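Take a look at the letters that make up each chain.
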Amino acid sequence: MDDSATFSRFEEKWGKVEAEGIDKIKDSLEKNVGSNSKGRPRRLFSCHEIINMKHTVYDLCTNKHAEYGNSSAEVYRRYGEIYEKYLTSIVAPVFLYTNRGGLEGEDLLQEFVQRWMNHAVMTYWLEKFFLYLEQWYTKHAGVPKLRQVSVQRFKMFVYDEVKSRITKALLCVIEKDRRGEIVNNHLLKSAIEIYEIMGIDSLIAYHSDFENHLLQSSQEYFSRCHNNWMEKFDQSAYLSKAESAFQKEQHIISSYLNQSSKPKLLRVLREELLETVHGQFFGTNGLAICKMISQDQNMDLRRLFTLFSENRDCLDLMLTSYQRFVEEVGNNCIPHGVLSAFYDKCFIIAEDCFLGHNAFLNAVLVYYLDRT
């Protein structure tokens, strides 16, 4: 058989892969029938069709074609080209259009997530069809696996082009969540997971393209909160606001952020909301703490302990102030019955306000035993 006939047969079989496999996948994706409501691929091909497609790809890879010294290498190249053509002709233009005054906010995120889900569906089927490449060629040729090729193409032709807009949209929606507005947590989680995937076995894309911007915007947001609260609220209300902010941030982290962001974000909150008011609560040798204890401001005391107890110096000053209160008031309790009632009160404070911390419980116990 002459070379031209061999080459013609290669292109004929490749045309079959395109017409019976690739085009069918693309058509289903654009009609939104490629996956179910959970993003899982629908059954687009019968078992017989899948087997035939695998055999066709196997023939393309193993038959000798004069035009291509290495048929598997050519099929591998075209495998990557499938994504490139689809992404540049169908997907990327969608975001180019939306950049001219179209989608933004959650609508932009929804489009981004849907396009990634479509891409994942395409990858699911192509990995089945090109199984021979994965089982033999990628191992022996030392080239990226098929899934990695898929991610690289999406990153190159879509993600890198829109990541700044997606990040901006995410930060905008996250700030709405912090303000108490209703947002789609599942959508946020799905969008952020794409950053994780783009790192290809690392979180480098998540850290550089999203997290760094999140930390900066968080610092600015909570700085504004601090200034606003200091202007409008007293110390008690400030503690309440700060506690709510920490609780909300914990919820945000657990709902849709990568857990590696947790210590960094909480550090931003401590710097902007706590360190800025440290002197008001822990200056003058703990006078504010003693006032809270003596005036039964138990809710404020509990919030103060919850917010500042990770700071060892703050914890020590709270303990010292509490010990001083126990000793000074306890020394004035002469009748045994009065001392016993005071002991019960101090024990309740240690349990409720200082969350049962052993050092505070021991402070009450040691004093009571010394007196009795």
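Residues numbered from 1 in each chain as written. Predicted model: local features only at pLDDT ≥ 70, side-chain atom pairs only at ≥ 80, totals over all residues. Heavy atoms only, no water.

The subject of this paragraph is the overall build of the protein chain. Helices and strands together make up the secondary structure of the protein chain, namely 16 helices and zero strands. Here the C-alpha atoms of the protein chain give a radius of gyration of 32 Å, more than 25% beyond the 21 Å that 2.2 N^0.38 yields for 372 residues. On the principal axes, the C-alpha backbone points of the protein chain span a range of 115 × 45 × 30 Å. Sequence-distant contacts, at least 24 apart, represent 73% of the contacts inside the protein chain between residues at least 6 apart. Carbon and sulfur atoms form 50% of the exposed surface of the protein chain, whose accessible area is close to 19000 Å². For the protein chain, the centre of its 45 positive side-chain charges and the centre of its 50 negative side-chain charges are spaced 4 Å apart. (Helix = DSSP H or I, 4+ residues; strand = E, 2+ residues; numbered from the N terminus. Rg over C-alpha atoms; globule rule 2.2 N^0.38 Å. Contact = heavy atoms within 4.5 Å. Areas by Shrake-Rupley, 256 points an atom, 1.4 Å probe, with all protein chains shown as cover. Lys, Arg positive; Asp, Glu negative; His and termini not counted. Charge placed at Lys NZ, Arg CZ, Asp CG, Glu CD.)

As for its placement among the helices and strands, Ile174 is situated in helix H6 (residues 146–178). When the C-alpha atoms of Ile174 and Thr276 are compared, they prove to be 24 Å apart, with 102 residues separating the residues in sequence. Not counting chain neighbours up to four residues away, the residues in contact with Ile174 comprise Phe210, Leu214 and Tyr256.

A word on the environment of Gly180. Relative to the elements of secondary structure, Gly180 occurs in the loop between H6 and helix H7 (185–198). A relative accessible area of 57% places Gly180 in the exposed class. For the pair Gly180 and Ser223, spaced 43 residues apart in sequence, the C-alpha to C-alpha distance is 18 Å. (Buried < 20%, exposed > 50% of the residue type's maximum accessible area, 1.4 Å probe, protein only.)

The subject of this paragraph is the pattern of salt bridges. A side chain of one charge can pair with a side chain of the opposite charge if their charged atoms are brought near each other. Taken as a whole and judged by the stated rule, the model has 26 salt bridges. The residue Asp27 makes a salt bridge to Lys31 at a minimum N-O spacing of 3.2 Å. The exposure class of Asp27 is partly exposed, given its relative accessible area of 40%. For Lys31, a relative accessible area of 55% gives the class exposed. The residue Glu81 makes a salt bridge to Lys85 at a minimum N-O spacing of 3.7 Å. With a gap of four residues between them, Glu81 and Lys85 both fall in helix H3 (residues 71–98), about one helical turn apart. (Salt bridge = Lys/Arg side-chain N within 4 Å of Asp/Glu carboxyl O.)

In this model, H6 (33 residues) spans only 40 Å end to end at C-alpha, well below the 48 Å of a helix rising 1.5 Å per residue. At Lys163, H6 is bent by approximately 55°, the largest bend along its length. Directly beyond the C-terminal end of H6, a positive phi value near 95° is found at Gly180. (Expected span 1.5 Å × (residues − 1). Bend = angle between axes of the 7 residues up to and from the residue.)

A few words on the packing of aromatic side chains. Under the counting rule described, the total for this entry stands at 28 aromatic pairs. Among the aromatic residues, those joined into a cluster by ring pairs are Tyr58, Tyr76, Tyr132, Trp136 and Tyr137. (Phe/Tyr/Trp six-rings, centres within 6.5 Å; stacked < 30°, edge-to-face > 60°.)

In the structure shown here, the tally under the stated rule is zero disulfides. Not part of a disulfide, Cys225 finds its nearest cysteine sulfur in Cys172, a span of 15 Å. (Disulfide = S-S within 2.5 Å.)

At Ile200, a residue that is not glycine, the phi angle is positive and equals roughly 50°. The residue Ile200 is located in the loop between H7 and helix H8 (204–232) in this model. Non-glycine residue Asp201 carries a positive phi angle of around 70°. Assignment of secondary structure puts Asp201 in the loop between H7 and H8.

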